[in-house]
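Close look at the chain arrangement
Here are the chains, one letter per residue:
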Amino acid sequence: MIETKVSRGIIQSYFEKMERNLNLDVAIVGGGPSGIVAAYYLAKAGLKVAIFDRKLSPGGGMWGGAMMFNQIVVQSEAMDIVREFGIRHEPYDEGLYVMDSVESTSSLLYHAVHAGATVFNCYSVEDVIFKQNEVCGVVVNWTPVLREGLHVDPLNILARFVIDGTGHDSEMCRTVARKNGISLLTDTGDVVGERSLDVSVGEAEVVNGTREIYPGLYVCGMAASAVSGTPRMGPIFGGMLLSGRKVAEQIIERLK
Ligand code: 48F
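Everything numeric in this text was worked out from a predicted model, so none of it was measured. (Residues numbered from 1 in each chain as written. Predicted model: local features only at pLDDT ≥ 70, side-chain atom pairs only at ≥ 80, totals over all residues. Heavy atoms only, no water.)

**A short note on the packing of aromatic side chains**
Counted only if it meets this: Between the rings of Phe, Tyr and Trp (Trp by its six-membered ring), a pair exists once the centres lie within 6.5 Å; its type follows the angle of the planes, with under 30 degrees stacked, over 60 edge-to-face, and the other angles tilted. Put simply, DSSP marks the helices as runs of H or I at least four residues long and the strands as runs of E at least two long, and each gets a number from the N terminus on. Buried means the residue's accessible area, taken with a 1.4 Å probe over protein chains only, is under 20% of the maximum for its type, while exposed means over 50%, and partly exposed covers the values in between.
Taken as a whole and assessed by the stated rule, the structure comprises ten aromatic pairs. Between Tyr-41 and Phe-85, the ring centres sit 6.4 Å apart and the planes meet at 85 degrees, which makes this aromatic pair edge-to-face. Of this pair, Tyr-41 sits in helix α2 (residues 33–44) while Phe-85 sits in the loop between α3 (79–84) and β4 (90–93), and the two are 44 residues apart along the sequence. Overall, Tyr-41 belongs to the buried group, its relative accessible area being 11%. You can call Phe-85 buried: its relative accessible area is 1%. With a centroid separation of 5.7 Å and 85 degrees between ring planes, the pair formed by Phe-161 and Tyr-218 is classed as edge-to-face. Of this pair, Phe-161 sits in strand β9 (residues 155–164) while Tyr-218 sits in strand β11 (residues 217–219); the two residues are 57 residues apart in sequence, bridging distant segments of the chain. Per residue, the accessibility class of Phe-161 equals that of Tyr-218, and both read buried.

Written out as structure tokens, the structure reads:
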């Protein structure tokens, strides 16, 4: 009966997909623009990479532009990435381009998945796997389980490297520091917390701050700003794209 076939098709293919991703090269926590760009370049380099995002629709803060005015701004330094993802754009002012935020977000996702990355939506990463003072995987649960406060254990996914792309809260960095009595590679040894807005400094620092913050744990995007205590930058997205590409390049180099 077609009714059973529909259900079986979903269940079989879903669990095959999940099983293929139990042992990753890179687990990316957070499918915001920086995490998606990282996934694209890592997958393009032939690495096994998955994004885990707690929302039904990954894409983070890119869908809504600013104040839900669905346009974004990207500066010329990052326009080669915009072109690589086939996002249509218009020059706006010196060194600045505007584009549709929905087209931009969906293009990032489309190309990351087509390059070979897997996206697991509705997954909340609630912890990391931590062995011999290294981060080596993620602990995942259904977002609705956590939202309902249900007492249900999570599942474990091993990864050679984990990227914290969780945005303003830098959740993975916070969790690793809080639970394991270790120091992150920051001024305080902990998450410093992002500073108030300064566009040019924030954009430069988010790229500078993209790095391995603890053995096995990298940061990109706003998580990189928040962990190091550098300014937020608002709805200009070049820094996010450049940070995503930089973290991918660092890991690709490491795994050579
Ligand atoms: O915040 P977010 O868009 O990440 P980003 O790549 O980009 C920041 C910009 O959108 C914007 C900005 C630009 O100038 O300032 O804010 O740094 O997306 C983060 C994603 O991580 C998911 C969350 O649902 C969002 O889609 N996320 C956060 N914590 C978890 C998580 C978690 N513990 N488990 C799974 N997903």
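**Re the site of the ligand**
Note the threshold: For each residue, the test is whether any non-hydrogen atom lies within 4 Å of the molecule or strand; if one does, the residue is near. We call two N or O atoms a polar contact when they sit within 3.5 Å, provided that within protein one can donate a hydrogen and the other can accept it, with sequence-adjacent residues counted only if both atoms are side-chain atoms. Areas reported here follow the Shrake-Rupley algorithm with a probe of radius 1.4 Å; residue values treat only the protein chains shown as occluding. Note that Gly is not counted as nonpolar here; it falls among the polar residues with everything else outside the nonpolar set of Ala, Val, Leu, Ile, Met, Phe, Trp, Tyr, Cys and Pro and the charged set of Asp, Glu, Lys and Arg.
Looking at the ligand, there are 29 residues lining it, with Ser-34, Asp-53, Gly-61, Met-222 and Gly-234 nearest. The side chain of His-168 places a nitrogen or oxygen atom 3.1 Å from an oxygen atom of the ligand. Contact distances for the ligand include 2.8 Å between an oxygen atom and a backbone N or O atom of Met-222. A total of 730 Å² of accessible area belongs to the ligand in isolation, and the protein chains cover 92% of it. Counting residues per element, the shell around the ligand draws most heavily on strand β7 (residues 123–131), at three residues. Tallied by class, residues from the shell around the ligand come to twelve nonpolar, 13 polar and four charged.

**Quick notes on helix α9 (residues 238–255)**
Convention followed: Given a helix with a known number of residues, its expected span is that number minus one, times 1.5 Å.
Helix length check: α9 (18 residues) gives 26 Å between terminal C-alpha atoms against 26 Å at 1.5 Å per residue, within 8%. Those residues of α9 lying buried are Gly-238, Gly-239, Met-240, Leu-241, Leu-242, Ser-243, Gly-244, Arg-245, Val-247, Ala-248 and Ile-251.

**Description of the pairing of strand β8 (residues 134–142)**
The cut-off we apply is this: The rule for pairing is simple: two strands pair if DSSP sees at least two bridges between them.
Of all the nine residues making up β8, seven are buried; the element is thus mostly covered by neighbouring parts of the structure. Relative to β8, β7 runs antiparallel, the two sharing seven bridges. The partner of Val-125 across the bridge, within β8, is Val-140. In this structure, β8 lies alongside β9, joined through four bridges in antiparallel fashion. Bridge pairing links Gly-137 to Leu-158 in β9.

**Comments concerning the sheet that holds strand β3 (residues 71–75)**
Stated precisely, the cut-off is as follows: The axes used here are C-alpha line fits, helices contributing only the stretch in contact, and every angle between their N-to-C directions lies in the interval 0 to 180 degrees.
Pairing within the open sheet is antiparallel, and its three strands lie in the order β3-β5-β4. This sheet does not close on itself; its edge strands, each paired only once, are β3 and β4. Averaged over all pairs of adjacent strands, the angle between strand axes in this sheet comes to 40 degrees, irrespective of strand direction. Here β4 pairs with strand β5 (residues 96–100) via three bridges, running antiparallel. Counted as the bridge partner of Asp-93 is Leu-96 from β5.

**Describing the environment of Phe-52**
Which entries qualify depends on this criterion: Working rule for contacts: check all heavy atoms of both residues, and any pair within 4.5 Å makes them a contact.
With respect to the helices and strands, Phe-52 occurs in strand β2 (residues 49–53). The class for Phe-52 is buried, based on a relative accessible area of 1%. The spacing of Phe-52 and Ile-36 is 16 residues in sequence and 10 Å in space, taken between C-alpha atoms. Excluding residues that lie within four positions of it along the chain, Phe-52 makes contacts with Leu-24, Ala-27, Ile-28, Val-29, Gly-30, Gly-31, Phe-120, Tyr-123, Val-125, Val-138, Val-140 and Ile-157.

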